[in-house]
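Here is what each chain is made of, one letter per residue.
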Amino acid sequence: MRRPWISCNLAISADGKISDSARRPSDWTSVADKERLVRLRRGVDALLVGRGTLEADRMTLTVAGQQQQPLRCIVSRHGRLDPMHPLFHRDGGGIHLLATEVGHANEVRAPDGVVVHTGGLESFLETMSVSHGVETMHCEGGGALVHALAVLDVIDELHLTIVGHLVIGGHASPTITGTAADFLPASRRFRLAEWSDGNNGECYVTWRREGR
Ligand SMILES: NC(=O)c1ccc[n+]([C@@H]2O[C@H](COP(=O)([O-])OP(=O)(O)OC[C@H]3O[C@@H](n4cnc5c(N)ncnc54)[C@H](OP(=O)(O)O)[C@@H]3O)[C@@H](O)[C@H]2O)c1
């Protein structure tokens, strides 16, 4: 299958959680982490998020000061998006919505200009690569979506901010691959590529897929 090169970026607590069980917004990282998040967006062809993260974090998926904005890709089962969400009111890259459990794109009532795709995540990745020229795609979560990418074994680079001074707890609180019940078909292996100490209680680490 032809697909984009895919990176993911998430922040985890000392116990590996990406949020609490109420899936509240991720506002527990430093300014340095937020700057890193923006840096990692620079130069990619497309950004990718799950509908849960888009809603919780009120993201607009743009890169300030960059002429060529990345495409903004959202994954959902039914594609029910709030038309008042800031994403639809901020200039940026074209918006592509994948609705995996909808038979036909016409069944999704999306705001004007949104390109609706149906089918599975794998075929969506192929379409974005083949028909929209996406060579690099950067995913910012959440756990359900990263889990799906890990099942497909399409994660090439993994960036984590390790927030070791915070313990979130709760078995219903998601990790980077969702909740504890969400097994993967096999382990996915990466090699350490880069790390740095933020001198603020956070550590910034990058791992790359084995063999690259
Ligand atoms: N710490 C971090 O770096 C970080 C990063 C991202 C998010 N978060 C936090 O994580 C929480 C959200 O986590 P989450 O696991 O619920 O997030 P998520 O993956 O963004 O959202 C889950 C929703 O996204 C859609 N979705 C995801 N994968 C899908 C797939 N393979 N096929 C079809 N639909 C898919 C579904 O939307 P529908 O319900 O529309 O079908 C699903 O209900 C929030 O609190 C957010 O702030 C933290």
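Whatever comes next refers back to the structure up there.
Bear in mind that the values here come from a model prediction, so they are computed numbers and not experimental data.

Thresholds applied
- Positions within a chain are numbered from 1, following the residues in the order the chain's sequence is written.
- Note on the predicted model: pLDDT of at least 70 is required for a residue's local features to be given, and 80 or more for side-chain atom pairs to be given and counted; whole-chain, interface and lining totals, by contrast, use all residues.
- The side-chain quantities take in all heavy atoms of the structure and omit both hydrogens and water.
- Neighbouring residues are identified by heavy atoms, a residue being near a molecule or strand if any of them is within 4 Å of it.
- Here the Shrake-Rupley method, with its probe set to 1.4 Å, supplies the accessible areas, and only the displayed protein chains count as covering residues.
- The distinction between a cavity and a pocket rests on a 1 Å grid over the protein atoms alone: a 1.4 Å probe fits inside a cavity but cannot get out, while a pocket stays open yet meets protein on both sides within 12 Å along at least five of seven lines, and a residue with an atom within 4 Å of a point counts as lining.
- Assignment of a molecule to a cavity or pocket requires that more than half of its atoms lie within 2 Å of the corresponding grid points.
- Going along the chain from the N terminus, every DSSP run of H or I of four or more residues is numbered as a helix, and every run of E of two or more is numbered as a strand.
- Note that Gly is not counted as nonpolar here; it falls among the polar residues with everything else outside the nonpolar set of Ala, Val, Leu, Ile, Met, Phe, Trp, Tyr, Cys and Pro and the charged set of Asp, Glu, Lys and Arg.
- Salt bridge, as used here, is a side-chain nitrogen of Lys or Arg placed within 4 Å of a carboxyl oxygen of Asp or Glu.
- Burial classes: relative accessible area under 20% of the type maximum marks a residue as buried, over 50% as exposed, and values in between as partly exposed (1.4 Å probe, protein chains only).
- Here Asp and Glu are counted as negative and Lys and Arg as positive; His is not counted, and neither are the chain ends.
- Pairs of N or O atoms are called polar contacts if they sit within 3.5 Å, as long as, within protein, a hydrogen donor faces a hydrogen acceptor (for residues adjacent in sequence, only side-chain-to-side-chain pairs).
- Strands were regarded as paired on the criterion that DSSP finds at least two bridges between them.
- Looking down the strands as they point away from the viewer, one classifies a crossover as right-handed if the path from the first strand across the helix to the second runs clockwise.

Caption draft 1: View of the site of the ligand. What surrounds the ligand is a group of 27 residues, the closest being Ala11, Arg51, Thr53, Ser76 and Arg77. When isolated, the ligand has an accessible area of 910 Å², and the protein chains bury 88% of it. In this structure the site holding the ligand corresponds to the largest pocket. Where the shell around the ligand is concerned, the elements lending two or more residues are strand E1 (5–13), helix H2 (51–57), strand E3 (71–76) and helix H4 (143–152). In terms of residues, the shell around the ligand owes the most to one element, H2, which gives five residues. Looking at the shell around the ligand residue by residue, the class counts come to ten nonpolar, eleven polar and six charged.

Caption draft 2: Representation of the pattern of salt bridges in the model. Per the counting criterion, the structure on display carries eight salt bridges. In this structure, the salt-bridge partner of Glu140 is Arg41, at a minimum N-O distance of 2.7 Å. Of the two residues, Glu140 is situated in the loop between strand E6 (136–139) and H4 and Arg41 in helix H1 (residues 31–41); the sequence distance between them amounts to 99 residues. Of the residues examined, Arg41 reaches a relative accessible area of 8% and is grouped as buried. Among the ionic pairs, Arg208 bridges to Glu157, the shortest N-O distance being 2.3 Å. Of this pair, Arg208 sits in strand E9 (residues 202–209) while Glu157 sits in strand E7 (residues 157–163); the two residues are 51 residues apart in sequence, bridging distant segments of the chain. Taking relative accessible area as the criterion, Glu157 reaches 9% and is therefore assigned buried. Through salt bridges with shared partners, a single ionic network connects Arg3, Asp153, Asp156, Arg188 and Arg209.

Caption draft 3: Fine view of the side chain of Glu202. Residue placement: Glu202 occurs in strand E9. Buried Glu202, no salt bridge; nearest opposite-charge side chain is Lys34, N-O distance 6.9 Å. At a separation of 2.6 Å, a polar atom in the side chain of Glu202 contacts the side chain of Tyr204.

Caption draft 4: Representation of the pairing of E3. Counting buried positions along E3 gives six out of six residues, so the element sits mostly inside the fold. Alternating residues of E3 divide into Leu71, Cys73 and Val75 and Arg72, Ile74 and Ser76, and every residue in both groups is buried. Relative to E3, strand E2 (residues 46–50) is paired through five bridges, and the arrangement is parallel. Residue Val49 lies in a different strand from E3, and its bridge partner there is Ile74. One crossover worth recording links E2 to the parallel E3 by way of H2, and it is right-handed.

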